Each structure stands twice: as structure tokens, then as C-alpha cells.
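Results of the structural survey
What follows is the residue order along each chain.
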Amino acid sequence: MPDVMFQDMKRYVGFGDADAENLRALRAAIQPHLSALTDAFYHRITHHPGTRRLITGGESQLDRLHRSLAAWLNELFDGDYDNDYCRRRLRIGQAHVAIGMPQYYMVAAMEVVWQLLEERLRGVEIEDVGDKLRSLHKLLQLDTALMLESYKESYTTQIRAVERAAVRERLDEAEHLAHIGHLAASLAHEIKNPLAGISGAVQVIRDALSTEHPHRPILSEILRQISRLDGTVKDLLVYARPKPPRFRQCDLGQLLTRVLPILREQPEMQRVRFEYVNSQPLPAIQADEHQLDQLLTNLLLNAAQASPTDGLVRLVTTALEDGVRL
């Protein structure tokens, strides 16, 4: 794909055989200046705070960079600008990404290379130097585009790696939750059956006592607490094995009329002030009535538990054009 892109860019900027011939003609003139050009280029690099930090290997790294730049400059004037040339230029861009060179420094560095080359070549006696410099400028623009493409490819690879890691993490989390759900379901079943037996036994004991017996209220409270525990176990089963909603026409007004009186009797609701505000009839909605019942119960009990004693819990329902706001 980069090969196709390179050939397309060459056509777009008008880089052809005549330009390749112009660059070959510059080879003999530029070679004696390559060492001085690389020195001038890295003098700028090492005296700029932003780019100097990229050179962490000291003199040995600088020596390698000098040789690499000299070879890269020399290749500009080979005259062979085929797909192999394209791939070598892409690898240089990938090396820039690997060392953490920002794109803007790479683009600025290419401008510095152009300035140094133009200055040197205009100082040498060359026939039709303006025409040849235009060919060189086209090639440098192509090289810049190739290196920018390598940045894009490298960043795309990094983003895909991050996305794969995120997907893996979500899958691991889902698997972990599935294990928890399975454990919760097993635990709930283990608790539910003995709980039913305890409840039945307590009811037998309570019913055997006279209505005036002092222990009868205590047994009734035990049954109420067993009922609460049974409700918690049911909630755990719902969490462990959630069922998909079964949508039907649901009259929210009737549901509230049925649920609220029961909720008002709960100890949590008894310690707060509760208001239900509804100024108009509510339209029927598509909902799972059982899940909506659970939602209302959990919502209001949580609100009551989070409120101070004698705090206010207010439920407001409003009819909308496309549903109900609760």
C-alpha cells in the first residue's frame, strides 16, 4: 500500500524521469560537502533544547547519527526512486517514532536539510541550478510525506494495541463477573432452602402461642427479619442470573398505588418523611412491570437509608409526550 501511495504522490507533485536525472547530475557536486552538511545539521540539533534531549547515547550515538544522515543525503542523489527507496524512507520514519521524536521536529528537520542543501548547491557552479533545486525540493517533500505516513502507521498500530488490551480487560472483567454470578447463585440457593425451613418452624412455634404471650411479638419480628433476608437472597439471584425484560403495556399509576402503601410500612421509610407528587394522569408505558417494581422499591429504600432521620424523600412523576419522567 505505501508503494502505491508513493507512486501516486510522485504523479501528484510531478516528479518524473527529468527530476531523477537532475538529482543524479547534482551527485558529484554535493558529495564533497556531505560531512560539513551533517556537522551543520547536528550542530543545530545539539544546540536546541527540544531535540537535544532525544540524543541520550552521547558521542557514540552522535557518530552513528552522522553516518546515517550522510548515507541518507547521499541516497537523495542516487537517481533510483523506486519502491525499495520508498520502503527505506518509511523505515527511517519508524525509527523516529521509536525514539519518540515528535512529528513537528521531523518536519522542521526536513526544512533544515533543505536550507543547508540549497545554500551549499547555490554556492557551487552548477548549470541550471534552479531547475535542479526544484527537483530536489520535490523529492524532499516526498520524503517528508513518507515519514509522516510511517508516523501514522505506527500510531495506528499503538492505538490498536491499546484497544486490544482494553477489549481483553473487558472480557476478563466479564469472565470474572460471570464467576461471581455463578458463586452468588450457588450461595443463594444454599441459603434459601434452610431459610424456608427456619421460617416454617418459627411460624409453627408462634402460632402455638396465645395472642397475649410475651414471646409472640419476638417471633413475629424474627419472621419479619427472615422475610427481609429472603428478599436479599432473591435480589442476589436476580443479580447472578438477570432475566431479560419482558416489555408489556404498564400502567405506572396503578403500579405506584400498589407498591407505595407497602413501602411506607418498611422501617427505613418510617424514619423519614415521604411525599409522592403527581399532578396529572400518567400514560401507559412499555415496561417490565416486575423489574419496574424492583426498581421503585430499591430506589426509594436506598433514598430513605441515605437520608437523615426525619429527612425528606420525594417521588415525583410527570407525564411526557413520549413516556413518563420519574
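About the thresholds
Residues numbered from 1 in each chain as written. Predicted model: local features only at pLDDT ≥ 70, side-chain atom pairs only at ≥ 80, totals over all residues. Heavy atoms only, no water. 1 Å grid on protein atoms, 1.4 Å probe; cavity = no way out; pocket = protein on both sides within 12 Å on 5 of 7 lines; lining within 4 Å. Points joined across faces, edges and corners; volume = space filled by probe spheres on them. Helix = DSSP H or I, 4+ residues; strand = E, 2+ residues; numbered from the N terminus. Nonpolar A, V, L, I, M, F, W, Y, C, P; charged D, E, K, R; others polar. Pairing = 2+ DSSP bridges. Axes fitted to C-alpha atoms, helices over the stretch in contact; angles between N-to-C directions. Contact = heavy atoms within 4.5 Å. Patch = residues over 30% accessible without salt bridge, like charges linked within 9 Å, V, L, I, M, F, W, Y side chains within 5 Å. Areas by Shrake-Rupley, 256 points an atom, 1.4 Å probe, with all protein chains shown as cover. Salt bridge = Lys/Arg side-chain N within 4 Å of Asp/Glu carboxyl O. Buried < 20%, exposed > 50% of the residue type's maximum accessible area, 1.4 Å probe, protein only. Expected span 1.5 Å × (residues − 1). Arc of directions from axis to C-beta. Phe/Tyr/Trp six-rings, centres within 6.5 Å; stacked < 30°, edge-to-face > 60°. Parallel < 35°, antiparallel > 145°, perpendicular 65-115°, else oblique.

Considerations on empty space enclosed by the protein
Overall, the coordinates contain one cavity of 30 Å³ or more when judged by the stated rule. In this structure, the largest cavity spans a volume of roughly 40 Å³. Counting residues per element, the lining of the largest cavity draws most heavily on helix α7 (residues 103-122), which supplies three residues. When its residues are assigned to classes, the lining of the largest cavity shows seven nonpolar, no polar and no charged.

Topic: unusual backbone geometry
Unusually for a residue other than glycine, Asp128 sits at a positive phi of about 50°. Within the secondary structure layout, Asp128 lies in the loop between α7 and α8 (129-208). Positive phi, normally seen in glycine, also occurs at Asp310, with a value near 70°.

As for the sheet that holds strand β5 (residues 323-325)
Strand order in the open sheet formed by three strands is β2-β4-β5, with mixed pairing between adjacent strands. Edge strands, defined here as strands with exactly one partner in the open sheet, are β2 (273-278) and β5. Direction aside, neighbouring strands of the sheet carry axes that sit 20° apart on average. Summarising the sheet, β2 and strand β4 (residues 312-320) pair through six bridges and their orientation is parallel. Across the sheet, the residue bridging to Tyr276 is Leu315, located in β4. Docked against the sheet, helix α10 (residues 252-264) engages β2, β4 and β5, running at close to 170° with respect to β2.

Section: the layout of surface pockets
Over the atoms, a rolled probe matching the size of one water molecule traces out where space is still vacant. Counted as a void, the largest pocket has a volume near 890 Å³. As for the largest pocket, its lining consists of 25 residues, and the residues nearest its centre are Gly231, Asp235, Gln266, Thr297 and Leu301. At the level of elements, α9 (216-240), α10, α11 (267-270) and α12 (289-305) are the ones that each hand at least two residues to the lining of the largest pocket. Per-element accounting of the lining of the largest pocket gives the leading share, nine residues, to α9.

Structural notes on a nonpolar patch on the surface
On the surface, a nonpolar cluster with roughly 250 Å² of combined accessible area is contributed by Leu295, Leu299 and Leu326. By secondary structure assignment, the location of Leu295 is in helix α12. For Leu295, a relative accessible area of 44% gives the class partly exposed.

Considering helix α2 (residues 17-30)
For α2, which comprises 14 residues, the first-to-last C-alpha distance of 20 Å matches the rise-based estimate of 20 Å (1.5 Å per residue) to within 8%. By the burial criterion, the buried members of α2 are Asp19, Ala20, Asn22, Leu23, Leu26, Ala29 and Ile30. Looking straight down α2, one finds that the buried residues subtend no more than 160° of arc, so they occupy a single side. When the buried face of α2 is taken as reference, the exposed residues oriented beyond 90 degrees from it are Asp17, Ala18 and Ala28.

Side note on the packing of aromatic side chains
The full count for this structure, using the stated rule, is three aromatic pairs. Look at Tyr81 and Tyr85: their rings are 5.3 Å apart centre to centre, the planes differ by 85°, and that puts the pair in the edge-to-face class. Summarising the burial analysis for this pair, Tyr81 and Tyr85 share the class buried. Ring-pair connections join several aromatic residues into one group, and the members of that group are Phe6, Phe15, Tyr81 and Tyr85.

Describing the packing of α2 against α7
Pairs of packed helices are described in terms of their axes, by the angle between the two and the distance that separates them. In contact at an axis separation of 11 Å, α2 and α7 are set at 75° when each is read in the N-to-C sense. Classified by the angle between their axes, α2 and α7 sit roughly perpendicular to one another. Every residue of α7 that contacts α2 at Leu26, Ala29 and Ile30 is listed here: Leu117, Arg120 and Leu121. By residue class, the composition of the contact of α2 with α7 is five nonpolar, no polar and one charged.

Overview of the pattern of salt bridges
Tallied over the entire structure, the rule returns 15 salt bridges. Put simply, Asp8 and Arg11 hold a salt bridge, and the shortest N to O gap is 3.6 Å. Residue Asp8 and its partner Arg11 are located together in helix α1 (residues 2-13), separated by three residues, close to a single helical turn. Note on Arg11: relative accessible area 59%, which makes it exposed. Arg134 is the salt-bridge partner of Asp131, the closest N and O atoms lying 3.7 Å from each other. With Asp131 and Arg134 both in helix α8 and three residues apart, the pair spans about one turn of that helix. Among the charged side chains, a salt-bridge network with shared partners connects Glu75, Arg88, Arg89 and Asp143.

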